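Okay, here's what each chain looks like letter by letter:
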Amino acid sequence: FDGKIFIGQGSRTSMDAAQKLAKIMAFIYPRNEVYIVQALTHDENSKGGWVNNMQTMHLDTVMMPVAPKTLLCCVEVIEHYRVLKMPEGKAMPLLKSMDGHSIIPVPKEEQKNYAANVLVVKPGTVIVPSDYNLTTNSNLANAGINIISAKMKELTGGTGATHCSVLSLVRE
């Protein structure tokens, strides 16, 4: 979206792998800006931080572009991320890299229910993983985003959601 490619680096993706993918994407899409989005360790309640936690698992569990210049995002979590603009690796807070974008908020309690893990079928139309993320779905609708609800309780119970279910598909 918007000429930017974001590669997540968190508890399930090493920095080395993210950097290799960034080089490949910059080669394939030379007109796009490539960013590595890095989840920073945050010591929550002194219990080892967010490592191996849903908030650092995958980028699509906290943020998703849903329309041009529009992001669905759990700001409370994403504040603990930074971006590295590639190839130089210049670091900045993630939200600063989103200047000029509208943010559709996801409450932290709904982020844990995969509220940000939506599938964008076309800009402005998303499939949400459930109808029980009431605040997020209301925020999407109020922002003019068309919502299709999928009952995915079995998938979300196994740590996945709408976007995760199609990662092996190739879009044309």
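A quick note: this is a predicted structure, and the numbers were derived from the prediction, not measured.

Cut-offs used in this document
- Residues numbered from 1 in each chain as written.
- Predicted model: local features only at pLDDT ≥ 70, side-chain atom pairs only at ≥ 80, totals over all residues.
- Heavy atoms only, no water.
- Salt bridge = Lys/Arg side-chain N within 4 Å of Asp/Glu carboxyl O.
- Helix = DSSP H or I, 4+ residues; strand = E, 2+ residues; numbered from the N terminus.
- Contact = heavy atoms within 4.5 Å.
- pLDDT = per-residue confidence, 0-100.
- Phe/Tyr/Trp six-rings, centres within 6.5 Å; stacked < 30°, edge-to-face > 60°.
- Buried < 20%, exposed > 50% of the residue type's maximum accessible area, 1.4 Å probe, protein only.
- Core = buried A, V, L, I, M, F, W, Y, C linked by side-chain atoms within 4.5 Å.
- Pairing = 2+ DSSP bridges.
- Patch = residues over 30% accessible without salt bridge, like charges linked within 9 Å, V, L, I, M, F, W, Y side chains within 5 Å.
- Areas by Shrake-Rupley, 256 points an atom, 1.4 Å probe, with all protein chains shown as cover.
- Axes fitted to C-alpha atoms, helices over the stretch in contact; angles between N-to-C directions.

1. Quick look at the pattern of salt bridges
If you walk through the whole model with that rule in mind, you get one salt bridge. As a salt-bridge pair, Lys20 and Asp16 come within 3.2 Å of each other at their nearest N and O atoms. On the criterion of helical spacing, the pair formed by Lys20 and Asp16 is a turn pair, its members being four residues apart in helix H1 (residues 15-28).

2. Observations concerning the environment of Phe6
In this fold, Phe6 is placed in strand S1 (residues 4-9). Not counting chain neighbours up to four residues away, the residues in contact with Phe6 comprise Tyr35, Val37, Leu59, Met63, Leu94, Ser97 and Met98.

3. A look at the confidence of the model for the protein chain
Of the residues in the protein chain, 77% have a pLDDT of 70 or more, and the chain-wide mean is 79. For the protein chain, per-element mean pLDDT is lowest for helix H7 (residues 153-157), which scores 56, and highest for helix H6 (residues 134-142), which scores 95. Low pLDDT, under 50, characterises residues 42-52; the predicted model gives this stretch 18 contacts beyond four residues in sequence or across chains.

4. Remarks on the packing of aromatic side chains
Applying the stated criterion across every chain yields a total of one aromatic pair. Between Phe6 and Tyr35 the ring centres are 5.2 Å apart and the planes differ by 15 degrees, which places this aromatic pair in the stacked class. Taken together, the residues span a long stretch of sequence, with Phe6 in strand S1 and Tyr35 in strand S2 (residues 33-39) at a distance of 29 residues. Since its relative accessible area comes to 4%, Tyr35 is described here as buried.

5. Some remarks on the environment of Ala39
Note on placement: Ala39 falls in strand S2. Overall, Ala39 belongs to the buried group, its relative accessible area being 15%.

6. Considering unusual backbone geometry
For the bond from Met86 to Pro87, the omega torsion is 10 degrees, close enough to zero to count as cis. Looking at the secondary structure, you find Pro87 in the loop between strand S5 (81-86) and strand S6 (90-93). Phi is positive for Lys69, close to 60 degrees, though the residue is something other than glycine. Among the secondary structure elements, Lys69 is positioned in the loop between strand S3 (63-67) and strand S4 (70-73). Looking at Lys69, the relative accessible area reads 42%, which means it is partly exposed. You will see that Tyr114, though not glycine, has its phi angle at about 65 degrees, which is positive.

7. Remarks on the nonpolar core
Ranked by internal contacts, the top residues of the largest apolar core, which has 30 residues, are Val66, Tyr81, Leu94 and Val126. Going through the elements one at a time, S2, S3, S4, helix H3 (75-78), S5 and strand S9 (125-128) are the ones with two or more residues in this core. The leading source of residues in this core is S3, at four residues. What Leu94 contacts, discounting residues up to four positions off in sequence, is Phe6, Val37, Met63, Ile78, Tyr81, Arg82 and Val83.

8. Topic: the pairing of S6
Relative to S6, S5 runs antiparallel, the two sharing four bridges. Bridging across to S6, Val83 finds its partner in Met92.

9. What to know about a nonpolar patch on the surface
A contiguous nonpolar surface patch, about 540 Å² in accessible area, is contributed by Leu21, Ile24, Phe27, Ile28 and Tyr29. For Tyr29, a relative accessible area of 40% gives the class partly exposed.

10. Considerations on the sheet that holds S3
Two pairing modes exist for strands in a sheet, parallel and antiparallel, and in both the strands are linked by backbone hydrogen bonds. On the basis of which strands lie adjacent, the open sheet formed by three strands has the order S3-S4-S7 and mixed pairing. Lying at the two open borders of the sheet, with one neighbouring strand each, are S3 and strand S7 (102-105). Direction aside, neighbouring strands of the sheet carry axes that sit 30 degrees apart on average. Pairing between S4 and S7: four bridges, direction parallel.

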